[in-house]
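Structural characterization, general
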Amino acid sequence: MSGAIEPQRVPSDGAEPRGRSPADGQSVVTVNGTPRTVPAGATAHDLVVALGLAGRPLAVEIDGRVVPRARLAGCMLKSGSVIEIVTLVGGG
Amino acid sequence: MAVGPVPVVDAALADRPLRVAGLTLASRLVVGTGKYPSMASMVRCLEAAGADCVTVAVRRERLVTAAGENILEFLDPARYTLLPNTAGCYSADDAVRVARLGRELLRDLGNPGAEWVKLEVLGDPKTLLPDPVGTLEATARLVADGFAVLVYTSDDPVVARRLKAAGAASVMPAGSPIGSGQGILNPANLRICLEMLKGDDPDYPVIVDAGVGTASDVAAAMELGVDGVLLNTAIALAAEPERMAHAMRAACFAGRQAFLAGRIPRRLYASASSPVDGVIGTPRHTE
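Keep in mind that this is a model prediction, so the values were computed, not measured. (Residues numbered from 1 in each chain as written. Chains lettered and ligands numbered in written order. Predicted model: local features only at pLDDT ≥ 70, side-chain atom pairs only at ≥ 80, totals over all residues. Heavy atoms only, no water.)

Before going further, it helps to examine the overall build of chain A. For chain A, the count of helices and strands is one helix and seven strands. The linear arrangement of helices and strands in chain A, starting from the amino end, is β-β-β-β-α-β-β-β. Across the 92 residues that make up chain A, the buried fraction comes to 41%. Looking at chain A alone, contacts between residues at least 24 apart form 56% of all its contacts between residues at least 6 apart. By element, 51% of the accessible surface of chain A is carried by carbon and sulfur atoms, the whole surface being about 4700 Å². (Helix = DSSP H or I, 4+ residues; strand = E, 2+ residues; numbered from the N terminus. Buried < 20%, exposed > 50% of the residue type's maximum accessible area, 1.4 Å probe, protein only. Contact = heavy atoms within 4.5 Å. Areas by Shrake-Rupley, 256 points an atom, 1.4 Å probe, with all protein chains shown as cover.)

For any two aromatic rings, the description comes down to two numbers: the centre-to-centre distance and the angle of the planes. Going through the model one piece at a time under the given rule, you end up with zero aromatic pairs over all chains. Stacked on the ring of Tyr204(B), the Lys or Arg Lys164(B) has its end atom at 4.5 Å from the ring centre. (Phe/Tyr/Trp six-rings, centres within 6.5 Å; stacked < 30°, edge-to-face > 60°. Lys NZ or Arg CZ within 6 Å of the ring centre and 35° of its normal.)

Bringing helix H2 (residues 92-109) of chain B into the picture now. An α-helix turns once per 3.6 residues; consequently, residues spaced three or four apart project the same way. Taking 1.5 Å as the rise per residue, H2(B) with 18 residues should run 26 Å; its terminal C-alpha atoms sit 26 Å apart, in good agreement. Taken together, the buried positions of H2(B) are occupied by Ala92(B), Ala95(B), Val96(B), Val98(B), Ala99(B), Leu101(B), Gly102(B), Arg103(B), Glu104(B), Leu105(B) and Leu106(B). (Expected span 1.5 Å × (residues − 1).)

Residues and elements named next belong to chain B. As a packed pair, H2 and helix H3 (residues 132-144) sit with axes 9 Å apart at the nearest point and diverge in direction by 40°. Between H2 and H3, the interaxial angle falls into the category oblique. In this structure, H2 crosses over H3, and the sense of that crossing is right-handed. Between H2 and H3, the contacting residues are Ala92, Asp93, Val96 and Ala99 on the first element and Gly134, Glu137, Ala138, Arg141 and Leu142 on the second. Here the contact of H2 with H3 is composed, by residue class, of five nonpolar, one polar and three charged. (Axes fitted to C-alpha atoms, helices over the stretch in contact; angles between N-to-C directions. Parallel < 35°, antiparallel > 145°, perpendicular 65-115°, else oblique. Left-handed = near helix turned anticlockwise from the far one by under 90°. Nonpolar A, V, L, I, M, F, W, Y, C, P; charged D, E, K, R; others polar.)

As structure tokens, then:
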């Protein structure tokens, strides 16, 4: 998968970004609170790679469910999905 | 250079290790990994404190700035049991989500802490006091999901008992609000918690979590008979964190040994240490 995964421009009138842009075949997903466009057919693994996070310690949740690392490559992103990518930080 | 507390080589000082949820911890001090001046300082402090279980938080990856250093570059998962927390969660739903993400992260690392969670469900941002209702609900849900739940709670004995009944692997009452450094504000409540939780189950682990300001707070908690103390800020924000970490280790050892040794009862009046008889001069006796 070589398609660029970029932050989605939020319309200046504050309207919600559309869930799908049929003209260019891209989907919009929300990653850690920010809308992003992904190529249609991109997987969760593609997203992790495109974000430069491959190989880093992380866990991924899609629409409220944890997706184990081994299943990221088989997990196709759906337009409108809400994705959280987390890691460990210092804490008490 | 060994500058820590006296190593326990004397059989008279033998103690059984702390066991929580089937895992054995060499240290009764569990230390957090937040707020240190640097990662290098954190590493030295964990070493000085003698901790083998340390807490970590689960947070969003930063996607905007270039990814910086990750705490796992500094914490050897083969050396430390990592205890992921749900800090910052204000609902049972959020805490359950964070716990599951932490488990996934630690399973990837092959760390024994993967099946553990330090559960926090907060009720108020200023005091960081726990929400007892959300905490109880999240405990039950996480236990049902297979977690060993080490649960942060207040020093309310009845809530503590409910959390144990819900299946918590360890109940962890706060000595005082998180990061406040006020120490053990209500030792009487902690004593009642200990009676209720350990009365007919002496091996049930009770850990004081939060509120420690200095070494004597750790000693005081351990002297009450708690099984361990979890702290972070008191070391991380001390003027000399590494020195404070040593002090905490020594205090934990001292407090534990004092508890095992069995303190004398408090008395209102004096009791002479030297023989009353045989004093030269004119002895004085009370009526």
